[in-house]
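Coordinate inspection notes
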Amino acid sequence: MLIKTILNKIEKFKSFVYGKITFEQIGGTKALVVEVKPRQNAKGICPKCGQRKPTYDRQPVRLFEYVPLWGIPVYFRDAPRRTDCRRDGVLVEVMPWAEGKEQMTKTYMIFLSRWAKRLSWKETAEIFRTSWDSVFRAVKYVVEHGLKHRSLDNIEQIGVDELQVFHGQKYLTLVYQIDKGMRRLLWSGSERRVKTLIRFFREFGAEHCRRLKFVCSDMWAPYLKVIKKKAPLALNILDRFHIMKKFNEAIDEVRREEVRHLREPGQENILINGRWVILKRTENLTDKQVVRLKELLKTQLLSIKAYLMREDFQRFWTYRMPDWAEKFMEDWAHRTMQSNVVPMKKIAKMLRSHKELILNWFRAGGELSSGVVEGLNNKAKLTMRKAFGFRSIEHLQIALYHTLGNLPEPKITHRFC
Ligand SMILES: [Zn+2]
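As the structure is a prediction and not an experimental result, all values here were calculated from the model.

1. A short note on the overall build of the chain
For the chain, the helix and strand inventory stands at 16 helices and 14 strands. Since a compact globule built from 417 residues should have a radius of gyration of about 22 Å, the 29 Å found for the chain marks it as more spread out than a globular shape. Seen through its principal axes, the chain has C-alpha atoms that stretch 90 × 50 × 35 Å. Split into buried and exposed, the 417 residues of the chain put 46% on the buried side. Once local pairs closer than 6 in sequence are excluded, the contacts in the chain between residues at least 24 apart make up 58%.

2. As for the coordination of the zinc ion
Taken together, C46 (SG), C49 (SG), C85 (SG) and D88 (OD) make up the full set of protein donors to the zinc ion, lying 2.0 to 2.4 Å away. Relative to the metal, the four donor atoms surrounding the zinc ion lie at angles of 101 to 119°, and the coordination shape comes out tetrahedral. Counting the intervening residues between successive donors of the zinc ion yields the motif C-x2-C-x35-C-x2-D. A residue pair is termed long-range when its members are at least 10 positions apart, and C46 in the loop between β3 (44-45) and β4 (52-53) and C85 in strand β8 (residues 81-85) qualify at 39 residues.

3. Focus on unusual backbone geometry
Located in the positive-phi region is R129, a residue other than glycine, with phi close to 45°. Within the element layout of this structure, R129 appears in the loop between α3 (121-127) and α4 (132-149). Classification of R129 by relative accessible area gives exposed; the value is 65%.

4. Looking at the side chain of H208
Within the secondary structure, H208 is located in helix α6 (residues 206-211). The contacts of H208, once residues within four sequence positions are left out, are L152 and D153.

5. Quick look at the packing of helix α5 (residues 194-204) against helix α7 (residues 221-230)
At a minimum axis separation of 9 Å, α5 and α7 run at an interaxial angle of 25°. Viewed along their axes, α5 and α7 adopt a mutual orientation that is roughly parallel. For the crossing formed where α5 meets α7, the hand is right-handed. Counting all contacts with α5, which are made through V194, L197, I198 and F201, the residues of α7 involved are P222, Y223, V226, I227 and K230. Grouping the constituent residues of the contact of α5 with α7 by class yields eight nonpolar, no polar and one charged.

6. With respect to the state of the cysteines
Overall, the coordinates contain zero disulfides when judged by the stated rule. Left unpaired, C216 is separated from the closest cysteine sulfur, that of C209, by 16 Å. Judged by relative accessible area, C216 falls into the buried class, the value being 3%.

7. What to know about the confidence of the model for the chain
Across the chain, pLDDT averages 90, with 93% of residues at or above 70. Looking over the chain, one finds the lowest element-wise mean pLDDT in helix α9 (residues 275-279), namely 66, and the highest in strand β7 (residues 72-78), namely 97.

Rules of the game
- Each chain carries its own residue numbering, running from 1 in the written order of its sequence.
- In view of the model being predicted, local features appear only for residues whose pLDDT reaches at least 70, and side-chain atom pairs are presented and counted only at 80 or more, with totals across whole chains, interfaces and linings using the full set of residues.
- Calculated side-chain values reflect all of the structure's heavy atoms, with hydrogen atoms and water omitted.
- By the criteria applied, helices consist of DSSP H or I runs no shorter than four residues and strands consist of E runs no shorter than two, each listed in order from the N terminus.
- With the radius of gyration taken over C-alpha atoms, the globule rule is written as 2.2 Å times the number of residues to the power 0.38.
- Exposure classes here rest on a 1.4 Å probe applied to the protein chains alone. A residue is buried below 20% of its type maximum, exposed above 50%, and partly exposed in between.
- By definition, residues are in contact when any of their heavy atoms lie within 4.5 Å.
- Only nitrogen, oxygen and sulfur atoms qualify as donors, and only when within 2.8 Å of the metal (3.2 Å in the case of Na, K and Ca); with water excluded, sites may look incomplete.
- Geometry assignment treats four donors as tetrahedral when all angles are between 85 and 135 degrees, treats four as square planar and six as octahedral when opposite donors are over 155 degrees apart and all others between 65 and 115, and treats everything else as irregular.
- Under this scheme, a helix contributes an axis fitted over its contacting stretch, all axes are lines through C-alpha atoms, and angles between N-to-C directions fall in the 0 to 180 degree range.
- Should an angle fall under 35 degrees it is called roughly parallel, over 145 degrees roughly antiparallel, and 65 to 115 degrees roughly perpendicular, with every other angle called oblique.
- Whether a crossing is left-handed or right-handed is set by the direction in which the near helix is turned from the far one by less than a right angle, anticlockwise for left-handed and clockwise for right-handed.
- When residues are grouped by polarity, Ala, Val, Leu, Ile, Met, Phe, Trp, Tyr, Cys and Pro land in nonpolar, Asp, Glu, Lys and Arg in charged, and all others, Gly among them, in polar.
- Working definition: a disulfide is two cysteine sulfur atoms within 2.5 Å of each other.
- pLDDT gives the predictor's per-residue confidence on a scale running from 0 to 100.

Okay, structure coming up:
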């Protein structure tokens, strides 16, 4: 079977045919070069109006990289025509296999982007002997197509979250759709400011905002204000993930203060390396860590008190009725205010001042699954870690949309991988 026959089966273009196929030296390696030429009497398509127009002239020959065969690079070779359109002028014709000035064919870009979903971009570039930048451009092409063609209908639940990027120097604001049937990254914007979230709502559109039923978010005041203004019909919920994160920050604050104190001469320092033991939920501890936790619990340390206060608060989430949950929260806050653990007292005050939004969790009546925002946040962090080699926020945003956006892919006739 000839390669041309296979190509005609997997990648056939209307108005173009495959010509000669040769084995040539391209960029220092042997490659298969497939000639592509216009079908006889078929005119080129003007890129502006999409209509067939007479040929003005031909451009120099160009190579377009295609999916490799048996580890051998494959290129399409064509001298694109320039169409002479009365309305739009002289322009380079539409080539169905490529886009603009890009040297890679669309199919090859989809191929690379599929691998880049499974491997890191660096590994993908190494395996297919291409550059990191080519992998980035391939993923970007697929992501941009997906963002343009995705549907934003029927979105009722969203979660607003943030990600610390580049060693905590910067933030990305992330907005997820958290509906039962569809969980995905909807939007990302650099920084964590009022402006950022306003930008999301503006791009999302007033029509879609009106359909929102629940918005989960952190209790950051500027966010709460924007949500109230832009999604007035939605129930704003301070979700479990974001609240428990505040507890962890408080525990860590207590612990750090105590470690500093214990470093003073004459004190036995048992808290060093204890950070993970007290930040973890009990069920996630290893056997060795459980022993260590038991030792820690025998002491009178504030860190331990803080830890126990958090464990005590976990019961809050088991309530069904908002009234009972409220009563529990009030009792917990009362107990905590009588303690001497200052960061925990701050938490108690914070819970009290955001009571209504927190109780909205119970008013949503179990419609929201507790782990969704947390799960997406973990995946986002994993993408960031795997993405080793990201040079800018833009790279990271493209990677996040790629892995978490659940985006529709450009259609191709053959599935390569
Ligand atoms: Zn035209």
